[in-house]
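# Structure at a glance
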Amino acid sequence: MLEVKNLHVTVDGKAILKGLDLTVNKGEVHAIMGPNGSGKSTLAYVMAGKPGYEATEGEVLLDGENILEMEPDERAAEGVFLAFQYPLEIPGVATMTFLRTALNAQRKARGQAELSTPEFLKTVREAAAKLEIGQDMLRRGVNVGFSGGEKKRNEILQMALLEPRLCVLDETDSGLDIDALKIVSDGVNRLRSPERAMIVITHYQRLLDHIVPDVVHVLSKGRIVRTGGKELALELEANGYAQYQDEAALAS
Amino acid sequence: MNAEVRAMKTSAEQALAEAYAAAKARLPGNGAVQALREAAFKRFEADGLPNRRIEEWKYTDLRVLMREAKPPAGAPDAAAKARAAEAGKLAGDIDARRIVFVDGAFVPELSDLAALPPGLTVRPMAEALAAGDPRIAAHLGKVIPGDGMVALNTALMRDGALIHVAAGATVERPLHLIFAAAGTQPASVFCRSLVVIEPNARVMLVESHEAAAGHQVNAALELIVGAGAHVDHVKIVAGAGDALHVATLIAAVGARARFNDFSFNIGCGVVRNQLFVRFDGEAALANIGGASLLNGDQHSDTTLVADHKAGGCQSRELFKAVLDGRSRSVFQGRIIVQPGAQQTDAKMMTRALLLSEEAEADSKPELEIFADDVQCGHGATMGSLDRSLKFYLMARGIPEPEAEALLVQAFVGEAVESIEDAGLRDALMEQVAAWLKARGG
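Here the structure is a predicted model, which is why all the values come from computation and not from measurement. (Residues numbered from 1 in each chain as written. Chains lettered and ligands numbered in written order. Predicted model: local features only at pLDDT ≥ 70, side-chain atom pairs only at ≥ 80, totals over all residues. Heavy atoms only, no water.)

What follows concerns the interface of chain A and chain B. Each partner contributes residues to the interface: chain A has 32 residues there, and chain B has 16 residues. A buried area of about 1,900 Å², summed over both sides, lies between chain A and chain B, and 73% of it is on carbon and sulfur atoms. Between chain A and chain B we count one salt bridge in total. There are seven residue pairs in polar contact (both at pLDDT 80 or more) connecting chain A and chain B. (Contact = heavy atoms within 4.5 Å. Buried area = accessible area lost by both parts, 1.4 Å probe. Salt bridge = Lys/Arg side-chain N within 4 Å of Asp/Glu carboxyl O. Polar contact = N/O pair within 3.5 Å; in protein donor to acceptor, adjacent residues only side chain to side chain.)

Attention now moves to the domain arrangement of chain B. Residues and elements named next belong to chain B. Looking at the assigned domains, one finds that chain B contains domain 1 (2–281) and domain 2 (385–441). Listed by partner, the interface residues are 16 residues for domain 1 and 13 residues for domain 2. Between domain 1 and domain 2 the total buried area reaches about 1,100 Å² when both faces are included, carbon and sulfur atoms providing 72% of it. Inspection of the region where domain 1 meets domain 2 yields three residue pairs in polar contact (both at pLDDT 80 or more). The leading source of residues in the side of domain 1 that touches domain 2 is strand 11 (residues 258–266), at five residues. (Domains from an automatic or database assignment. Helix = DSSP H or I, 4+ residues; strand = E, 2+ residues; numbered from the N terminus.)

Turning to the packing of aromatic side chains, a few remarks are in order. Inspection of the entire model under this criterion finds 11 aromatic pairs over all chains. Centroid distance Tyr45 of chain A to Phe391 of chain B: 6.3 Å. Interplanar angle 70°. Geometry classified as edge-to-face. One end of the pair, Tyr45 of chain A, is in helix 1 (residues 40–48); the other, Phe391 of chain B, is in helix 8 (residues 387–394), on a second chain. Assigned by exposure class, Tyr45 of chain A and Phe391 of chain B land together as buried. For the pair Phe98 of chain A and Tyr392 of chain B, a centre-to-centre distance of 5.9 Å together with 15° between the ring planes defines the contact as stacked. You can see Phe98 of chain A sitting in helix 3 (residues 95–109) and its partner Tyr392 of chain B sitting in helix 8, one on each of two chains. The rings of Tyr45, Tyr53, Phe84 and Phe98 of chain A together with Phe391 and Tyr392 of chain B are connected pair by pair, giving a single aromatic cluster. Above the ring of Tyr45 of chain A, the side-chain terminus of Lys50 of chain A is found at 4.3 Å from the ring centroid. Over the aromatic face of Phe411 of chain B sits the side chain of Lys320 of chain B, whose NZ or CZ is 4.2 Å from the ring centroid. (Phe/Tyr/Trp six-rings, centres within 6.5 Å; stacked < 30°, edge-to-face > 60°. Buried < 20%, exposed > 50% of the residue type's maximum accessible area, 1.4 Å probe, protein only. Lys NZ or Arg CZ within 6 Å of the ring centre and 35° of its normal.)

The subject of this paragraph is the pattern of salt bridges. A complete count under the given rule lists 43 salt bridges over all chains for this structure. Asp214 of chain A is the salt-bridge partner of Arg192 of chain A, the closest N and O atoms lying 3.8 Å from each other. Here Asp214 of chain A lies in the loop between helix 8 (206–210) and strand 11 (215–220) and Arg192 of chain A lies in the loop between helix 7 (178–190) and strand 10 (197–202), a separation of 22 residues in the sequence. Close ionic contact of Lys347 of chain B with Asp345 of chain B constitutes a salt bridge, the shortest N to O distance being 3.3 Å. We classify Lys347 of chain B as partly exposed; its relative accessible area is 35%. By relative accessible area, which is 18% here, Asp345 of chain B ends up buried. Connected via shared salt-bridge partners are Asp324, Lys390, Glu400, Glu404 and Arg439 of chain B.

Here you go:
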């Protein structure tokens, strides 16, 4: 489903990703782990199309189509979803308006009819209830006055409603206590499907106890330096990232 | 001050002088009113049209922006009245008592003055001036004598509303003053209203001005807000890109009164909106806000003076401007705390959102504080749309124009929130949505 080939990315003129290769098949969940500054969030942003994240070389193919030239909204319509590490607060834009605008924009881009108001409300309420998101939260501005955990739950709610093909979760565990981590992980696990690929970016192994990956990659200094099964995460938890930073230094 | 540096009248000033000379014998009013007009015109003539040499008009030079003065509008004919029959849509479908003026003249058959509730008196200003209504002598032009455009209005005022709300009365249905421009030729209109709200009364006033191509409006409204009264005033200006609208609100706010004022401007060519609010009694609360949406070559100037003469009052000011094209917004806000007005709590904020590289926003907040136990503050921001917020919306599949529209609506919405009437808020936000749609959102 996803093929990242020899991806080089610069931010503010500084090279962050330096020839990253990654293949994720549909139905798989891949974890990307690595120390701070290794390029994890850059990978997430460049896939979603954040301005200022410039791919200087390489390709990101989604079912064979290069998405790098697309606008962020076009990528979203193609089924790319980024769950933000720091979801933004948008005062004055009601959460329901935001969800409805997003859902209908994507449906329109795919040639589907807009959802009727009752259909939309029913869909949101059901999805929100599973994530323990109450009506009062839906009535507020997007993420305004939400706790860290509520913001992350709201990201997963958006993911559930938009039904992407490729989910990229950037440090979804950061700022979560153990109860919130469970709600969020259960939400993600419900969305695992043979038709969907997921990339879970995390610094810590803790999240991977809940969202068990098929493949674990270690990212260091802008490249994937090791790939293994889920046991690799445990090894990293025990030994830290020090050896990979050295390996990457040698390799570059 | 400017008389000595000015050699000759501009053609607009000349035309205004001729218009006044031709009209003064026929303008409504008894001898006292005629004397008032005469003195006012002399005051106007001394300085001429406000221009950049006058500090308060530095950013809105009417000698440049008003190249010619249109002839005063004549009385509306049947066709003009028919064209104005549907006027008032700017306020949405709020249930309000309509008081309609066509090209500045009161039109009883389009208005709804039947069965006024006890305590409410509404009288056309032309009739009140002609009849020598005692409230004119008592209040008109008494609060603030100063400004040149108010003086011009006093000299040439023809009609408007004289409204009186008796002490303790609550007027349930809002009063909607509808100013429709229906003449086929560009004309100038000088309307003047006086609203006297006695202590502990309650009323909501909506004022809507539909500007028409080439028309020039000089509107003045004086509000006397009695002690303990609760007054809401919302003014909406919309319309043609080459219309000129100069409006002045003068309010004297009594002790413990609540005064909410909102000015909304969308799509009018040149707007100068002056707000002079004076706090005469202690412990009053005022919320003064506004929003302007501009594009093309439009120019919108909000000039506010909140004069705290009495202590213990709270004033909040929030003004927002959205600018596209080569438009320009001006905000001049001054908070004055007079000697002895202790415990004043005043906060003023202005924000401009620039949607194009060529738009310009000027902001000049001022504090003049002559008391030592006060809380006063002001802030000003101007900038473009937040790129990271736009990215967040687009990452959810929302195309760029719609993402921008959502963010602009949120920006304007924060100011519009201060309007108490939900129907009116919705009506204004619908106009914002239509404006955004027209620009491609």
